[in-house]
Amino acid sequence: MKRSRSLVLSLVAAVVATVGAAWVAMPAFAAGPTATFVKTADWGTGWEGKYTITNGGGSTINGWNLTFELPTGTTLGSYWDALLTSSGQRHTFTNRSWNGSIAPGASVSFGFLATGSGAPRNCTLNGVACGGGTPPPTTPPPTTPPPTTPPPTTPPPTTPPPTTGLPKHVLTGYWHNFDNPAVELRLRDVPNEYDVVAVAFADATATPGAVAFTVDPGLSASLGGYTDADFRADVQTLRSRGKKVIISVGGETGRVAVNDAASAVAFADSVHALIGRYGFDGVDIDLENGLNPTYMGQALRSLRAKVGSGLIITMAPQTIDMQSPQTSYFKLALDIRDILTVVHTQFYNSGAMLGCDQNAAYPQGTVNFIVALTCIQLEAGLRPDQVALGLPAGPGAAGGGIVPPSVVNAALDCLTKGTNCGSFRPPRTYPGLRGAMTWSVNWDVSNGNGFARTVKPHLATLP
């Protein structure tokens, strides 16, 4: 996220090689492992399942696949930490590039969502019954095999109901706590179309990991006097309208560093204090200068333990940060996906990037770019309700990747319904996709509110 018109375009050529490594499935042949299944959540019409594969042998397992059947009436939805092929009701999960090697005594796991009340049966792991022994008999395959790649009209997965009080599809916008060429706004004057307002930004203090926030003096002067008390009252005004207000940490010039246990504690404590002082509903991680997924994950889990399950946790990585699950931002998202609300990647200021097909570098500012890059996150482990599209609000908001709001709507349609796609079509549809984000509310107002007034009504048309 940017504080001024001065925007830096970044394109890392080596990303082609980096991404390629993230999508290679290792061969699956080993002996001695076992796999156990548990339903980690059940909401009546569907459930979330998890398989844990444990290497009980004396040598490292280099690659695995796990196959099971689901009874008629139970369908598979989203999945993570594995690759999937299906034939009728029989599903085979194969390791990804980063979790195919299992040392003796170690375990890995993968998860998935399902619609219906049935449970997996006839499980085999590397051709052997998941509990050990010989493979059980399997249901004969259908006479006519289904296509290898599901069409974009695949039935939607069911996602667990959120605990944050957010609607199924949301529009998020960033509010400037600084003075720049965009119009200045009091927080209470944010247009009603926005469901979530991210206050930009909380800044680093002299204590590693700790952050602080106060109304910017320049902004206050531009507004004819805007105090902390005014701001706190405005937070409550927005909340009374049913909106969520979160504090964003970092930004383009932010230097918040959470790199050890002490700074993780300082981060959690300081954000918790801001939530108590101002009434924020959550926190947004917008660190554009790198992060440590281990300790930031610890900090966010500690914060959630302090606040409770209603805490909203969002992330705003740059496009380069979400090209591979092995990068730190992507790893953080996957590590905390059980408490993560949504990732709204900044699909701008990035140049051309590879999509999930690894077939081409799609130019920014196109439906293909938005859809193909969003597909990476959806196919590599995040649930659709944890993914949103981040785009600039119009001229002045970014140095590249600005699109008409109609292009954002087309990308939403392609991802959720399989319509209005460009030449790239995702391997399935994701009706649970969370929505869209824009940088920023101030730039949107400067440009006549075209983004919010076009995208927000369209969200209501999604499945």
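Up top you'll find the structure we're talking about.
Residues numbered from 1 in each chain as written. Predicted model: local features only at pLDDT ≥ 70, side-chain atom pairs only at ≥ 80, totals over all residues. Heavy atoms only, no water.

J.: Lay out empty space enclosed by the protein in plain terms, naming residues and giving numbers.
T.: Using the criterion set out here, one finds 3 cavities of 30 Å³ or more in the structure. The computed volume of the second largest cavity comes to approximately 40 Å³. Taken together, Leu166, Val170, Thr172, Val196, Ile312, Thr314, Thr341, Val342 and His344 make up the full set of residues lining the second largest cavity. Secondary-structure elements contributing two or more residues to the lining of the second largest cavity are β12 (170-176), β17 (312-315) and β18 (342-346). Along the lines of polarity and charge, the residues of the lining of the second largest cavity split into 5 nonpolar, 4 polar and no charged. (1 Å grid on protein atoms, 1.4 Å probe; cavity = no way out; pocket = protein on both sides within 12 Å on 5 of 7 lines; lining within 4 Å. Points joined across faces, edges and corners; volume = space filled by probe spheres on them. Helix = DSSP H or I, 4+ residues; strand = E, 2+ residues; numbered from the N terminus. Nonpolar A, V, L, I, M, F, W, Y, C, P; charged D, E, K, R; others polar.)

J.: How would you explain the state of the cysteines if you had to name every residue and give the values?
T.: Under the definition given, this model contains 3 disulfides. There is a disulfide in this structure between Cys123 and Cys130, and the S-S distance comes to 1.8 Å. Around the S-S axis, the bridge from Cys123 to Cys130 shows a dihedral of about -60 degrees and counts as left-handed. Taking the relative accessible area as the measure of exposure, Cys123 reaches 13% and is therefore buried. Paired through a disulfide, Cys414 and Cys421 show a sulfur-sulfur distance of 2.0 Å. A torsion of 100 degrees about the S-S bond marks the disulfide between Cys414 and Cys421 as right-handed. The residues Cys414 and Cys421 share a single accessibility class, namely buried. Taken in N- to C-terminal order, the disulfide-linked cysteines of the chain are connected 1-2, 3-4, 5-6. (Disulfide = S-S within 2.5 Å. Buried < 20%, exposed > 50% of the residue type's maximum accessible area, 1.4 Å probe, protein only.)

J.: Let's hear about the sheet that holds strand β11 (residues 128-129): which residues, and what values?
T.: With antiparallel pairing, the 5 strands of this open sheet are ordered in space as β6-β7-β4-β10-β11. Every interior strand has two partners, whereas the edge strands, β6 (83-87) and β11, have only one. Here strand β10 (residues 121-125) runs beside β11; their pairing, made up of 2 bridges, is antiparallel. Each bridged residue has a counterpart across the sheet, and for Leu125 the counterpart in β11 is Val128. (Pairing = 2+ DSSP bridges.)

J.: So what about the packing of aromatic side chains? Which residues, and what values?
T.: Applying the stated rule across the entire model yields 25 aromatic pairs. For the pair Trp64 and Phe110, a centre-to-centre distance of 5.6 Å together with 15 degrees between the ring planes defines the contact as stacked. Taken together, the residues Trp64 in the loop between β3 (61-62) and β4 (65-69) and Phe110 in strand β9 (residues 107-115) connect sequence positions 46 residues apart. Owing to a relative accessible area of 1%, Phe110 belongs among the buried residues under this scheme. Aromatic pair Phe178 and Trp439: ring centres 6.4 Å apart, planes at 20 degrees, arrangement stacked. With Phe178 in the loop between β12 and β13 (196-204) and Trp439 in strand β22 (residues 435-439), this residue pair connects regions lying 261 residues apart in the sequence. Like Phe178, the residue Trp439 is buried in the burial classification. (Phe/Tyr/Trp six-rings, centres within 6.5 Å; stacked < 30°, edge-to-face > 60°.)

J.: Summarise the sheet that holds strand β2 (residues 46-55); cite the residues concerned and give the values.
T.: With antiparallel pairing, 4 strands are arranged side by side in an open sheet as β1-β2-β9-β5. Each edge of the open sheet is held by one strand with a lone partner, namely β1 (33-42) and β5 (75-80). For this sheet the average axis-to-axis angle between neighbouring strands, irrespective of direction, equals 25 degrees. The pairing of β2 with β9 spans 9 bridges and is antiparallel. Bridging from a neighbouring strand, Ile53 pairs with Val108 of β9. (Axes fitted to C-alpha atoms, helices over the stretch in contact; angles between N-to-C directions.)

J.: Explain the pairing of β9 to me, using residue names and the numbers behind them.
T.: Both β5 and β9 contribute to a ladder of 4 bridges, which runs antiparallel. By the bridge assignment, Trp80 is partnered in β9 with Gly111.

J.: Residues and numbers for the nonpolar core, please.
T.: Trp175, Leu187, Phe231, Phe267, Phe280, Val283 and Ile285 are the most contacted members of the largest nonpolar core, which totals 108 residues. Residue contributions to this core peak at 9 residues, all from helix α7 (residues 367-379). Phe231 has contacts with Trp175, Leu187, Val199, Phe213, Val215, Tyr226, Tyr278 and Phe280, leaving out every residue within four places of it along the chain. (Core = buried A, V, L, I, M, F, W, Y, C linked by side-chain atoms within 4.5 Å. Contact = heavy atoms within 4.5 Å.)

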